[in-house]
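Letter by letter, the chains look like this.
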Amino acid sequence: MDTTLPGTNSALFNIPQLAEDGSNWITYKQRAMTAIGARGLMRYLDGRITKPVPFKTDSSGKVVKPDGTAPSTTEIEELEKKIDEYYQKDSLVKQHVFSMISDRLLLRVQNLDNASKIW
């Protein structure tokens, strides 16, 4: 049995737009949450995801971990990958929500920090 998910452009993930007056909120919300959940991104929608924090730079310009020690190159790369993944997935959820709302509403929410605040 094939368990792969359909692509992003699949009709399975086409959600009708939220009505300007919000009259279809109940069905819109359920469809949107199901589509986003099917992609494994629900934590980005409901705010349970923790945004990775980059390492800080000390006064001499060296990168340091929260305990003040120097991270290894591997640790830096791993953290950078986690940060990139966070922004990629958060942006995917934001784009999904943006594609289902009116331009007028989009202009009101586009500058919010993350997908859960937009939702």
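Preceding this paragraph is the structure being described.
What counts, and where the lines are drawn
Residues numbered from 1 in each chain as written. Predicted model: local features only at pLDDT ≥ 70, side-chain atom pairs only at ≥ 80, totals over all residues. Heavy atoms only, no water. Helix = DSSP H or I, 4+ residues; strand = E, 2+ residues; numbered from the N terminus. Contact = heavy atoms within 4.5 Å. Areas by Shrake-Rupley, 256 points an atom, 1.4 Å probe, with all protein chains shown as cover. Phe/Tyr/Trp six-rings, centres within 6.5 Å; stacked < 30°, edge-to-face > 60°. Buried < 20%, exposed > 50% of the residue type's maximum accessible area, 1.4 Å probe, protein only. Expected span 1.5 Å × (residues − 1). Arc of directions from axis to C-beta.

**Observations regarding the overall build of the protein chain**
Working step 1: Per the secondary structure count, the protein chain includes five helices and two strands.
Working step 2: Mapped in sequence order, the helices and strands of the protein chain form the string α-α-β-β-α-α-α.
Working step 3: Residue pairs in contact within the protein chain that sit at least 24 positions apart in sequence constitute 54% of those at least 6 positions apart.
Working step 4: Of the roughly 8,500 Å² of accessible surface on the protein chain, a fraction of 51% belongs to carbon and sulfur atoms.

**Notes on the packing of aromatic side chains**
Working step 1: Considering all chains together, one arrives at five aromatic pairs under this definition.
Working step 2: Ring centres 5.5 Å apart and planes at 40 degrees place the aromatic pair Trp 25 and Trp 119 in the tilted group. Separated by 94 residues along the polypeptide, Trp 25 in helix H1 (residues 25-38) and Trp 119 in the segment after helix H5 (115-118) bring together distant segments of the chain.
Working step 3: On the accessibility criterion, Trp 119 (26% relative accessible area) is partly exposed.
Working step 4: Counting every residue linked through ring pairs, the aromatic cluster contains Trp 25, Tyr 28 and Trp 119.

**Side note on the environment of Gly 22**
Working step 1: The topology assignment puts Gly 22 in the segment before H1.
Working step 2: For Gly 22, a relative accessible area of 28% corresponds to the partly exposed category.
Working step 3: Counting along the chain gives 79 residues from Gly 22 to Ile 101, while the straight-line C-alpha distance between them is 10.0 Å.

**A look at H1**
Working step 1: In this model H1 runs 20 Å from its N-terminal to its C-terminal C-alpha over 14 residues, within 8% of the 20 Å that 1.5 Å per residue would give.
Working step 2: All of the buried residues in H1 are Tyr 28, Ala 32, Ala 35 and Ile 36. Buried residues along H1 cover an arc of 95 degrees about the axis, so they all sit on one side. Turned more than 90 degrees off the buried face of H1, the exposed positions are Ile 26 and Gln 30.
Working step 3: Phi turns positive, to about 75 degrees, at Gly 40, one or two residues after H1.

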